[in-house]
Amino acid sequence: MNHLNIPNFIKILKENKISRFHLVYNQQTKKIESSHEELKFIADFINKDTRDFEEHEGMFFQLTNKYDVLQTVFIHRTKRGQAAGGVRFWQYDNLEDYLRDGMRLGKGMTHKNALAGLWWGGGKGVMVHNTEIDKNNLKYREYIYTEYGKLLTSIKGCYVTAEDVGTSVEDMANIYKTTRFTTCIPQNTGGSGNPSEPTSRGVLRGMEAASAFLGESLEGKTVAVQGMGHVAEPLIKHLFNKKVGKVIASDINPDIVNSVKEKFAGKNFDARLVSKHDNSILFVECDILAPCATGAILNDKTIPEIKAKIICGASNNQLEEHDRDDKALAEKGILYVPDFLTNRMGIVNCANEQYGYVNDDEYFERHLTNGWEHGIYQTTLSVLEEAQKTGQPSSKVAIKQAAEMSMELHPVFGHRSLKIIKSLVDDEWYKK
Ligand code: NAD
């Protein structure tokens, strides 16, 4: 499997005249089954390799007619409701990396949505960029995203998509042309708009809870922030409002560094321009470290050098190898606030946009107040307390809590999306 690159896999699909196929979990045999005998080798691989696979309810694949773009919906668990999670547009070296990434991301959304108390299940969309085409080519993008919308329409709503890495608001508008099963549509068609400011408020709440866990507040603290982008900039503003002593931040983009530096002129702000592989910001003397740039930055090379007592940031998948790095942080006595807990406001912001908007929306704001048991502040405290009590790393504790919540059935619709998946199999969806 790991030697099968994407172009060769596409060749296999074309030779067998397959433009759609599915891999669906059989609840009786407890195995993934393939819609096509020719693709049984994928099901066999997934059934044996459980690093990322965990009873994913269904995976639906489509190869676009033009441009040869492989498009997929990875549905993990839909007990709390339709699977929700963004669509990623990315490059993969081989089929295994693609499948494993999709399954891992889908499972991650189950945890994020459940821990946030949202009545949504977990899933993710992934599209493989055809490297022979310029990814900024507007015709290419318009075509592949409208085709993606058709894929979502065809699977009848068991997955509802959103924006993710590689996908823009314009792409979401193209998806919306061909399906209603999307959120994060442009604001001029009723969408919820940029989630970065609410995300920064969520990260701030995580930091406040972790500080409170240590009997402290943010006042006077030194905070190091990696990245100065859409989330980091409002976060820095909130931190100064909370009277932190100093903020040190880095970015690889000189324009961003200059503009953010200008915004916080007169504050105790150290803005650093760094090169792409310069992670020195992670190692500065500080109380709190906030990764707000890329993922996988907490690993066996960086963790030993980190001086912060608390790590709490917006980046997705901060731990390079979950179990190893989660444990290493706990052993070093660092309070790690899991990323999927603090950065939830991105999905909270868009997930329920079809229910309309009110000022000071309590269903939104409760995530950011102290009063609600599933809010970011209370959840962070309960995860850190449980981690201390049991000696387990914090991310493991948070995943356990999330997994339990993900088993609760939607109060109105129950496990309806599983029925949708079954009907797609019964109706031979892949032939349509
Ligand atoms: P962004 O692209 O606006 O900002 C990221 C910034 O990091 C950019 O300015 C980029 O130049 C910089 N950067 C990249 N590599 C760097 C490096 N090695 N060192 C220092 N800076 C580097 O993204 P964003 O919307 O601010 O999101 C930040 C992170 O949070 C991303 O990982 C994103 O997936 C995650 N996230 C964002 C949201 C949201 O609402 N925007 C929600 C959930 C998760």
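Residues numbered from 1 in each chain as written. Predicted model: local features only at pLDDT ≥ 70, side-chain atom pairs only at ≥ 80, totals over all residues. Heavy atoms only, no water.

S.K.: Help me understand the packing of helix H3 (residues 95-115) against helix H14 (residues 394-406), please; the structure alone is not making it clear to me.
M.R.: The relative placement of two packed helices comes down to the angle between their axes together with the axis-to-axis distance. Relative orientation of the contacting elements H3 and H14 amounts to 80 degrees, with a least axis distance of 8 Å. In terms of their interaxial angle, H3 and H14 are classed as roughly perpendicular. Residues Thr110, His111, Ala114 and Leu115 of H3 form the contact with H14, whose own contacting residues are Ala398, Ile399, Gln401, Ala402, Ala403, Met405 and Ser406. Of the residues assigned to the contact of H3 with H14, the class counts are 7 nonpolar, 4 polar and no charged. (Axes fitted to C-alpha atoms, helices over the stretch in contact; angles between N-to-C directions. Helix = DSSP H or I, 4+ residues; strand = E, 2+ residues; numbered from the N terminus. Parallel < 35°, antiparallel > 145°, perpendicular 65-115°, else oblique. Contact = heavy atoms within 4.5 Å. Nonpolar A, V, L, I, M, F, W, Y, C, P; charged D, E, K, R; others polar.)

S.K.: Sorry if this is basic, but what is going on with the side chain of Arg80 here?
M.R.: Along the chain, Arg80 turns up in the loop between strand S4 (70-77) and strand S5 (83-84). One polar contact links the side chain of Arg80 to the main-chain carbonyl oxygen of Gly117, over a distance of 3.4 Å. Within polar-contact distance, the side chain of Arg80 engages the backbone oxygen of Met405 at 2.9 Å. In this structure Arg80 touches Ala114, Gly117, Leu118, Trp119, Trp120, Gly121, Met405, Ser406, Glu408 and His410, once residues within four positions along its chain are discounted. (Polar contact = N/O pair within 3.5 Å; in protein donor to acceptor, adjacent residues only side chain to side chain.)

S.K.: What's the story with empty space enclosed by the protein in this structure? I'm lost.
M.R.: Gaps between atoms show up when a probe of the same size as a water molecule is rolled over them. Counted according to the given criterion, the structure contains 1 cavity of 30 Å³ or more. Size it by volume and the largest cavity reaches roughly 30 Å³. Together, Ala84, Gly85, Val160, Thr161, Ala162, Thr183, Ile347 and Ala351 line the largest cavity. Looking at the lining of the largest cavity residue by residue, the classes come out as 5 nonpolar, 3 polar and no charged. (1 Å grid on protein atoms, 1.4 Å probe; cavity = no way out; pocket = protein on both sides within 12 Å on 5 of 7 lines; lining within 4 Å. Points joined across faces, edges and corners; volume = space filled by probe spheres on them.)

S.K.: Just to check I follow, could you spell out the site of the ligand for this structure?
M.R.: Taken together, the neighbourhood of the ligand is formed by 22 residues, with Thr199, His230, Val231, Asp251 and Ala293 sitting nearest. At 2.5 Å, a side-chain N or O of His230 approaches an oxygen atom of the ligand. In this structure, an oxygen atom belonging to the ligand sits 3.3 Å away from a main-chain N or O atom of Ala314. In the complex, 79% of the free accessible area of the ligand, which totals 820 Å², lies under the protein chains. Listing elements by their share of the shell around the ligand, those giving two or more residues are helix H6 (196-213) and strand S10 (246-251). Class assignment for the residues of the shell around the ligand results in 8 nonpolar, 12 polar and 2 charged. (Near = heavy atom within 4 Å. Areas by Shrake-Rupley, 256 points an atom, 1.4 Å probe, with all protein chains shown as cover.)

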